[in-house]
Amino acid sequence: MAFKIKRNDLVQVLRGKDRNRRGRVLRVIPDAGRIVVEGINIVKKHVRARPGLRQAGIIELEAPIPIAKLMMVCPKCNRPTRVGFRFLQEAAGKPRKVRYCKKCGEVVD
(Lines give C-alpha, C1' and ligand atoms only; values in the text may rest on other atoms or scores of the structure.)
Protein backbone atom coordinates (compact mmCIF):
# COMPACT_ATOMS: atom_id res chain seq x y z
CA MET A 1 0.00 0.00 0.00
CA ALA A 2 1.24 3.48 -0.82
CA PHE A 3 1.99 5.87 2.04
CA LYS A 4 -0.29 8.87 2.13
CA ILE A 5 2.49 11.04 3.56
CA LYS A 6 5.40 12.01 1.31
CA ARG A 7 8.66 13.92 1.64
CA ASN A 8 8.32 17.69 2.31
CA ASP A 9 4.73 17.32 3.60
CA LEU A 10 3.81 19.23 6.75
CA VAL A 11 2.72 16.79 9.46
CA GLN A 12 1.47 17.02 13.04
CA VAL A 13 2.35 14.56 15.82
CA LEU A 14 -0.65 12.87 17.44
CA ARG A 15 1.02 10.95 20.31
CA GLY A 16 4.14 11.04 22.45
CA LYS A 17 6.44 13.68 23.91
CA ASP A 18 6.15 15.92 20.83
CA ARG A 19 2.34 15.84 20.69
CA ASN A 20 0.69 18.66 18.66
CA ARG A 21 4.03 19.83 17.23
CA ARG A 22 4.41 20.28 13.47
CA GLY A 23 7.33 19.67 11.15
CA ARG A 24 8.37 18.86 7.58
CA VAL A 25 8.98 15.26 6.51
CA LEU A 26 12.69 14.74 5.81
CA ARG A 27 12.71 11.02 4.97
CA VAL A 28 10.22 8.16 4.59
CA ILE A 29 11.27 4.62 5.56
CA PRO A 30 8.56 2.37 4.04
CA ASP A 31 10.01 -0.98 5.16
CA ALA A 32 9.92 0.05 8.84
CA GLY A 33 6.71 2.10 8.54
CA ARG A 34 8.47 5.13 9.98
CA ILE A 35 9.12 8.74 9.03
CA VAL A 36 11.84 11.23 10.01
CA VAL A 37 10.37 14.66 10.75
CA GLU A 38 12.35 17.90 11.09
CA GLY A 39 12.62 18.97 14.75
CA ILE A 40 10.52 16.05 16.07
CA ASN A 41 11.64 13.07 18.19
CA ILE A 42 15.07 14.54 18.94
CA VAL A 43 17.48 12.06 20.55
CA LYS A 44 21.02 12.47 21.85
CA LYS A 45 23.63 10.19 20.32
CA HIS A 46 27.13 9.67 21.65
CA VAL A 47 29.61 9.59 18.76
CA ARG A 48 33.26 8.58 18.63
CA ALA A 49 35.90 10.79 17.12
CA ARG A 50 36.87 10.09 13.53
CA PRO A 51 40.21 11.66 12.70
CA GLY A 52 39.75 14.30 10.03
CA LEU A 53 35.95 13.87 9.92
CA ARG A 54 34.36 14.81 13.24
CA GLN A 55 34.98 15.49 16.88
CA ALA A 56 33.75 13.16 19.64
CA GLY A 57 30.76 14.28 21.68
CA ILE A 58 27.03 14.16 22.04
CA ILE A 59 24.97 15.15 19.00
CA GLU A 60 21.24 15.68 18.69
CA LEU A 61 19.42 14.19 15.72
CA GLU A 62 15.90 13.37 14.59
CA ALA A 63 14.93 9.72 15.12
CA PRO A 64 12.27 8.00 13.00
CA ILE A 65 8.71 8.10 14.34
CA PRO A 66 5.94 5.59 13.45
CA ILE A 67 3.66 6.79 10.65
CA ALA A 68 0.58 5.96 12.74
CA LYS A 69 1.53 8.76 15.16
CA LEU A 70 1.51 11.42 12.43
CA MET A 71 -1.22 13.18 10.51
CA MET A 72 -0.77 15.36 7.47
CA VAL A 73 -1.69 19.06 7.70
CA CYS A 74 -3.76 20.37 4.79
CA PRO A 75 -2.10 23.38 3.11
CA LYS A 76 -5.49 25.04 2.47
CA CYS A 77 -7.42 24.60 5.73
CA ASN A 78 -4.24 24.34 7.90
CA ARG A 79 -5.69 21.52 10.02
CA PRO A 80 -4.53 17.93 10.53
CA THR A 81 -6.55 15.72 8.21
CA ARG A 82 -6.88 12.27 6.76
CA VAL A 83 -5.74 11.92 3.17
CA GLY A 84 -7.51 10.10 0.37
CA PHE A 85 -6.73 9.27 -3.24
CA ARG A 86 -8.71 10.49 -6.23
CA PHE A 87 -8.25 10.24 -9.98
CA LEU A 88 -8.23 13.48 -12.00
CA GLN A 89 -8.77 13.43 -15.75
CA GLU A 90 -5.77 14.86 -17.60
CA ALA A 91 -5.91 16.64 -20.97
CA ALA A 92 -4.04 13.71 -22.58
CA GLY A 93 -6.89 11.41 -21.53
CA LYS A 94 -4.98 9.37 -18.97
CA PRO A 95 -6.25 9.79 -15.37
CA ARG A 96 -3.76 10.96 -12.73
CA LYS A 97 -3.85 9.72 -9.12
CA VAL A 98 -3.71 12.62 -6.64
CA ARG A 99 -4.04 13.00 -2.87
CA TYR A 100 -6.82 15.14 -1.38
CA CYS A 101 -7.84 16.48 2.03
CA LYS A 102 -10.78 14.59 3.50
CA LYS A 103 -11.96 17.66 5.48
CA CYS A 104 -12.08 20.36 2.78
CA GLY A 105 -11.80 18.23 -0.38
CA GLU A 106 -8.84 20.25 -1.73
CA VAL A 107 -6.26 18.45 -3.89
CA VAL A 108 -2.93 18.26 -2.01
CA ASP A 109 -0.57 17.24 -4.84
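Below you will find a few notes about this structure. (Residues numbered from 1 in each chain as written. Predicted model: local features only at pLDDT ≥ 70, side-chain atom pairs only at ≥ 80, totals over all residues. Heavy atoms only, no water.)

Summed over the entire model, instances satisfying the criterion amount to five salt bridges. Here Asp9 makes a salt bridge to Arg99, at a shortest N to O gap of 2.7 Å. Note that Asp9 is positioned in the segment before strand E1 (10-13) and Arg99 in strand E10 (residues 95-101), a separation of 90 residues in sequence. Like Asp9, the residue Arg99 is buried in the burial classification. A salt bridge links Arg96 to Glu90; the nearest nitrogen and oxygen atoms lie 2.9 Å apart. What makes Arg96 partly exposed here is its relative accessible area of 38%. For Glu90, a relative accessible area of 33% translates into the label partly exposed. A cluster of three or more residues bridged by salt bridges with shared partners is formed by Asp9, Arg99 and Asp109. (Salt bridge = Lys/Arg side-chain N within 4 Å of Asp/Glu carboxyl O. Helix = DSSP H or I, 4+ residues; strand = E, 2+ residues; numbered from the N terminus. Buried < 20%, exposed > 50% of the residue type's maximum accessible area, 1.4 Å probe, protein only.)

In this structure, Ile5, Val11, Val13, Val25, Ile35, Val37, Ile40, Ile65, Leu70, Met72, Val83 and Val108 together form the largest nonpolar core, which totals 12 residues. Of all the secondary structure elements, the ones that give two or more residues to this core are E1, strand E3 (34-37) and strand E7 (70-73). Setting aside chain neighbours within four positions, we find Ile35 in contact with Ile5, Val25, Arg27, Val28, Ala63, Pro64, Ile65, Ile67 and Leu70. (Core = buried A, V, L, I, M, F, W, Y, C linked by side-chain atoms within 4.5 Å. Contact = heavy atoms within 4.5 Å.)

Hydrogen bonds along the backbone pair up the strands of a sheet, which may run parallel or antiparallel. Spatial strand order, E6-E3-E2-E1-E7-E8: six strands in an open sheet with antiparallel pairing. Taken across any chain shown, the strands that pair with only one partner, and hence form the sheet edges, are strand E6 (65-66) and strand E8 (80-81). Of the pairings in the sheet, the one linking E1 to E7 comprises three bridges and is antiparallel in character. What sits directly across from Val13, in E7, is Leu70. (Pairing = 2+ DSSP bridges.)

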